[in-house]
Amino acid sequence: MPVPMIDLRAQYRRIKTEIDAAVAEVFETQGFVGGINIDRLEKGIEAYLGVGCAIAVASGTDALLLSLKAMGVGPGDEVITTPFTFFATAGAIANLGAKPVFADIRPDCFTIDPDAIEALVTPQTKAIVPVHLYGQCADMDPINAIASKYGLAVLEDAAQALGARDKGRPACTLAPMAAISFYPTKNLGGAGDGGMVVTQDAALAQRVRLLRAHGAGTTYIHTIVGTNSRLDALQAALLNVKLPHLDQWNAERRAQAAYYAERFAEIPEVIPPVERAGNFHVYHQYVIRLPHRDAARDLLRARGIGCAVFYPLALHMQECFRYLGYEEKDCTHAAQACREVLALPMYPELTPDQQDEVVAAIKEHLA
Ligand SMILES: *Cc1c(COP(=O)(O)O)cnc(C)c1O
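So, here's what we can say about the structure. (Residues numbered from 1 in each chain as written. Predicted model: local features only at pLDDT ≥ 70, side-chain atom pairs only at ≥ 80, totals over all residues. Heavy atoms only, no water.)

## Comments concerning the side chain of Gln11
Turning to its location among the elements, Gln11 is positioned in helix α1 (residues 8–29). Aside from chain neighbours lying at most four places away, what touches Gln11 is Lys242, Trp249 and Glu349. (Helix = DSSP H or I, 4+ residues; strand = E, 2+ residues; numbered from the N terminus. Contact = heavy atoms within 4.5 Å.)

Now the structure itself:
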């Protein structure tokens, strides 16, 4: 029985009637830009998180870019982030003419190591961008403590972690700004690109609202230089249908993670993901470490079992960042994770029988 990495059609089947009606309504009204669906989604995310202002934008990448821009990050500034993340986190920093500065990760939970951050702070440091990787919050208290000690901004990259919590507080409310992605495979996914900025600061919210609309608060009156980063009404209509289901889907992911953990407890060579104490992990990805990872990946694929390597090359070793002068040993835990991690099938509709197939293939690899 083949097991896909993710099956978006299975989710669609669960809510097809609601989605089809919401999409049909957008076509009926032909209101594709702005409008009630965008307002409803922004208010829905604000209500879901309990605090902060939400501003819908065109993608998670734009959410990062516009947040950093609103914070005033630009040429000459340094921004400390993790080298073990999707490229967009560091790409947004570099695209603003600022310098990404990479702090190594914690080997147990793959998120930025707060103890690696302070030594990297210079007079040019402007912000810290922790990433809530795979659906688990970075260790925010020590990060925020360093930020307040040196007067730095903090932006949470919560693209993979909507619904996650750190000591009971939701991701996206743990720092002054946060970026969400609605890329189709994310825990709350649209039918294309989409994103959201969340901020606890009304002035920053106002700046992001201006930046996403060419800097115009009033049509054709431009107070700052912005861009076009609208979220489509069609995406918002779909996301409004999905948002009320998010907690249920995340609960299903957690149950699957618990089942994998139970099965992997029998296999000492497999290191399952660690949920840091006080965290509520939403398993955007279920990522194990194991010996001979590439061979494991090849065997799973040969057996029709989806798997993926997030991420095969750490950002400090990417060709486009060679000018920064990093060596592999500068972020040794990130480099090691790149060699050992394997993401397994994980989505709300995954069944225990399918998970058994995955575990059987891993056992076959280790035999
Ligand atoms: C998906 C993702 C992004 C970018 O989001 P897009 O909507 O694809 O632009 C940024 N950071 C992380 C960690 C992501 O996983």
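## So, the site of the ligand
Neighbouring residues of the ligand: 15 residues in total, closest Gly60, Thr61, Asp157, Ser181 and Lys186. Take Thr61: an N or O atom from its side chain is 2.5 Å from an oxygen atom of the ligand. Coverage of the ligand by the protein chains reaches 93% of its 380 Å² of free accessible surface. At the level of elements, α3 (60–70) and α4 (88–95) are the ones that each hand at least two residues to the shell around the ligand. Element by element, the count of residues in the shell around the ligand is highest for α3, at three residues. Of the residues contributing to the shell around the ligand, the split by class is five nonpolar, eight polar and two charged. (Near = heavy atom within 4 Å. Polar contact = N/O pair within 3.5 Å; in protein donor to acceptor, adjacent residues only side chain to side chain. Areas by Shrake-Rupley, 256 points an atom, 1.4 Å probe, with all protein chains shown as cover. Nonpolar A, V, L, I, M, F, W, Y, C, P; charged D, E, K, R; others polar.)

## Some points on the pattern of salt bridges
Inspection of the entire model under this criterion finds 24 salt bridges. Ionic pairing is found between Arg14 and Glu252, a salt bridge with its closest N-O pair at 2.9 Å. Of this pair, Arg14 sits in helix α1 while Glu252 sits in helix α9 (residues 246–264), placing them 238 residues apart in sequence. Given the relative accessible area of 39%, Arg14 is considered partly exposed. Measuring nitrogen to oxygen at the nearest pair gives 2.7 Å for the salt bridge that ties Lys149 to Glu118. With Lys149 in helix α6 (residues 140–150) and Glu118 in the loop between α5 (114–117) and β4 (125–129), this residue pair connects regions lying 31 residues apart in the sequence. Taking relative accessible area as the criterion, Lys149 reaches 58% and is therefore assigned exposed. (Salt bridge = Lys/Arg side-chain N within 4 Å of Asp/Glu carboxyl O. Buried < 20%, exposed > 50% of the residue type's maximum accessible area, 1.4 Å probe, protein only.)

## A short note on the nonpolar core
Burial of nonpolar side chains together is a common tendency in soluble globular proteins. In terms of nonpolar packing, the biggest core is built from 47 residues, with Phe84, Phe264 and Leu344 touching the most fellow members. At the level of elements, α9, β13 (286–289), α10 (293–302), α11 (332–340), β14 (341–344) and α12 (352–366) are the ones that each hand at least two residues to this core. Both of domain 1 (8–244) and domain 2 (246–366) provide at least three residues apiece to this core. Setting aside residues no more than four positions away along its own chain, Phe264 makes contact with Val270, Tyr286, Ile288, Leu344, Val359 and Ile362. If you look at the next biggest cluster of nonpolar residues, it comprises 25 residues, including Leu64, Leu68, Val129 and Ala205. (Core = buried A, V, L, I, M, F, W, Y, C linked by side-chain atoms within 4.5 Å. Domains from an automatic or database assignment.)

## Notes on α9
For α9, spanning 19 residues, the distance from its first C-alpha to its last is 27 Å, which sits close to the expected 27 Å at 1.5 Å a residue. Regarding α9, the residues found buried are Leu246, Trp249, Asn250, Glu252, Arg253, Gln256, Ala257, Tyr260, Arg263 and Phe264. Mapping the buried residues of α9 onto a view down its axis gives an arc of 155°, with all of them on the same face. If you follow the buried residues of α9, they end up packed against α1, α2 (36–49), α8 (233–242), β13, β14 and α12. (Expected span 1.5 Å × (residues − 1). Arc of directions from axis to C-beta.)

## Section: the sheet that holds strand β1 (residues 53–57)
Two strands in a sheet stick together by hydrogen bonds in their backbones, pointing the same way (parallel) or opposite ways (antiparallel). Strands sit in the order β1-β9-β8-β5-β4-β2-β3 across an open sheet of seven strands; the sheet is mixed. Each having just a single partner strand, β1 and β3 (99–102) make up the two edges of the open sheet. Strand-to-strand twist of the sheet, defined as the mean angle between neighbouring strand axes without regard to direction, takes the value 25°. Here five bridges tie β1 to strand β9 (residues 195–199), and the two strands are oriented antiparallel to one another. In the sheet register, Val57 faces β9, and the bridge partner there is Gly195. Taken strand by strand, α4 contacts β2 (78–81), β3, β4 and β5 (153–157), and its axis lies near 140° from that of β3. This element, helix α7 (residues 202–211), spans β1, β8 (177–181) and β9 of the sheet and lies at about 15° to β1. (Pairing = 2+ DSSP bridges. Axes fitted to C-alpha atoms, helices over the stretch in contact; angles between N-to-C directions.)

## Topic: the environment of Pro291
Within the fold, Pro291 resides in the loop between β13 and α10. When sequence neighbours within four positions are dropped, the list of residues in contact with Pro291 reads Glu269, His365 and Leu366.

## What about the packing of aromatic side chains?
Tallied over the full model, the rule gives 14 aromatic pairs. Ring centres of Phe84 and Phe110 lie 5.9 Å apart, and the angle between their planes is 35°; this geometry places the pair in the tilted category. Pair noted here: Phe84 is in the loop between β2 and α4 and Phe110 is in the loop between β3 and α5, with a separation of 26 residues, a long-range link. Residue classification places Phe110 among the buried positions, given a relative accessible area of 5%. Pairwise contacts between aromatic rings join Phe84, Phe110, Tyr134, Phe310 and Tyr311 into one cluster. One cation-aromatic arrangement involves Arg165 over Phe280; the distance from NZ or CZ to the ring centre is 4.2 Å. In this structure, Arg254 is placed above the aromatic ring of Phe280, and the distance from its NZ or CZ to the ring centre is 4.1 Å. (Phe/Tyr/Trp six-rings, centres within 6.5 Å; stacked < 30°, edge-to-face > 60°. Lys NZ or Arg CZ within 6 Å of the ring centre and 35° of its normal.)

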